[in-house]
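# Structural features, examined
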Amino acid sequence: MNRIGIIGYGEFGKFLAGLVPTNIEVLVKTSQQIPPDDLPSNTVQAEYKDMATASTVILAVPLNSYGQVLDELKTYLSKDTLVVDVCSVKTTSEAIFDEKLREHPEQLCLHPLFGPQSAAQSTAGLPLVITRERGEKAKVFLDFCEHYLRIKPVRMTAKEHDKQMALVHALTFFTARGLLRMNVHSTSLITPSFQRILDLVELEAHHSDELFQTIQAGNPYAAELRTEFIETLQKLNGEL
């Protein structure tokens, strides 16, 4: 991997660029003009056509932008370039890959179960879910993740991933977003259990609306679980 392209330079795109060793050039495609001083020393702003020179291109954009981005990218995409999906939901992102990149031989669909906050110190031992792995460059990229970043690979199907993440991500973020909107905050009396709630709310405050929408609307199993949760709370409230 001598050159990596990242499409999207929001919070997660910046985080990914920061993980790349300085001896590997990073090309960043974003609609915003970034001052050179705000980019790492090995990173330059680029266009879609420049991605043809990258050995790997990572999509760090919201799920609802995938179709448009892949339509633009495949105009310049080399068959030898690995395209990496890091979306938080997998069945929907894989379906878009199947539609837009059906014949492309190098594909990798991942979900890093961490982000800028949880991996602020290190990525060592953190789980990386793999739901699709196609091509030789996919193996090289995963080897880099496992040995350089010391990430723990976890393999499963996209359907299995989304079913689990409806509980782990969608329900957790839904609860935290509700508490955030209630303006749940610190008080003079704090218990360990309430501090955990405050920590959850604080974490949710750093999540973008795009990430929240992706997790809630992009996961086909999230809505049913949210409904069950709300109905359970209503029943519990009624009992009280």
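Residues numbered from 1 in each chain as written. Predicted model: local features only at pLDDT ≥ 70, side-chain atom pairs only at ≥ 80, totals over all residues. Heavy atoms only, no water.

For F15, the position within the fold is in helix α1 (residues 11-19). Residues F15 and P127, 112 residues apart in the sequence, show an inter-C-alpha distance of 16 Å. Setting aside residues no more than four positions away along its own chain, F15 makes contact with F114, G115, P116 and A119. (Helix = DSSP H or I, 4+ residues; strand = E, 2+ residues; numbered from the N terminus. Contact = heavy atoms within 4.5 Å.)

By the secondary structure assignment, E94 is in helix α3 (residues 91-100). Engagement of the side chain of E94 in a polar contact is seen with the side chain of T131, the distance being 2.7 Å. Those residues within four positions of E94 in sequence are excluded, and the remaining contacts are C109, T131, R132 and A158. (Polar contact = N/O pair within 3.5 Å; in protein donor to acceptor, adjacent residues only side chain to side chain.)

Okay, the pattern of salt bridges next. The final tally for this structure, using the stated rule, is 13 salt bridges. Taking the shortest distance from any N to any O, the salt bridge between K90 and D85 comes out at 2.8 Å. The buried category is assigned to K90, whose relative accessible area is 0%. Between E99 and K100 there is a salt bridge whose closest N-O contact spans 3.8 Å. One connected set of salt bridges, linked through shared partners, spans D71, K74, E99 and K100. (Salt bridge = Lys/Arg side-chain N within 4 Å of Asp/Glu carboxyl O. Buried < 20%, exposed > 50% of the residue type's maximum accessible area, 1.4 Å probe, protein only.)

Moving on: the pairing of strand β7 (residues 127-134). Across six bridges, the pairing between strand β6 (residues 107-112) and β7 is antiparallel. The residue bridging C109 from the neighbouring strand is R132, located in β7. Pairing geometry for β7 and strand β8 (residues 152-155), over four bridges, is parallel. Within the sheet, the bridge partner assigned to V129 lies in β8 and is V154. (Pairing = 2+ DSSP bridges.)

Glancing now at a nonpolar patch on the surface. A grouping of L233, L236 and L240 is seen on the molecular surface, where their side chains present a nonpolar patch of about 340 Å² in accessible area. Relative to the helices and strands, L236 resides in helix α8 (residues 222-239). (Patch = residues over 30% accessible without salt bridge, like charges linked within 9 Å, V, L, I, M, F, W, Y side chains within 5 Å. Areas by Shrake-Rupley, 256 points an atom, 1.4 Å probe, with all protein chains shown as cover.)

Here the focus is unusual backbone geometry. You will see that R150, though not glycine, has its phi angle at about 60 degrees, which is positive. Position of R150 relative to the elements: it lies in the loop between α4 (136-147) and β8. With a phi angle near 60 degrees, N183 is a residue other than glycine that sits in the positive phi range. As for its position among the elements, N183 is in the loop between α5 (158-181) and α6 (192-205).

So, on to the pairing of strand β2 (residues 25-29). Burial of β2 is extensive: four of the five residues sit out of reach of the surface. Alignment of strand β1 (residues 3-7) against β2, held across five bridges, turns out to be parallel. Bridged to R3 within β2 is E25. Handedness of the crossover joining β1 and β2 through α1: right-handed. Across three bridges, the pairing between β2 and strand β3 (residues 43-45) is parallel. Bridging across to β3, V26 finds its partner in T43. (Right-handed = clockwise from strand over helix to strand, strands pointing away.)

All right, on to helix α7 (residues 209-217) then. Of the positions making up α7, those classed as buried are F212, T214, I215 and Q216. On its buried side, α7 packs onto α5, α6 and α8.

Now for the nonpolar core. I6, L16, I58, V84, L108, L110 and F141 are the most contacted members of the largest nonpolar core, which has 32 residues in total. It is α4 that provides the largest number of residues to this core, a total of five residues. Filtering out sequence-adjacent residues up to four positions away, L110 remains in contact with V84, D85, V86, C87, K90, L128, V129, I130, F141 and L142. The next biggest cluster of nonpolar side chains, apart from the first, holds 22 residues, and it includes I7, A46, L73 and C87. (Core = buried A, V, L, I, M, F, W, Y, C linked by side-chain atoms within 4.5 Å.)

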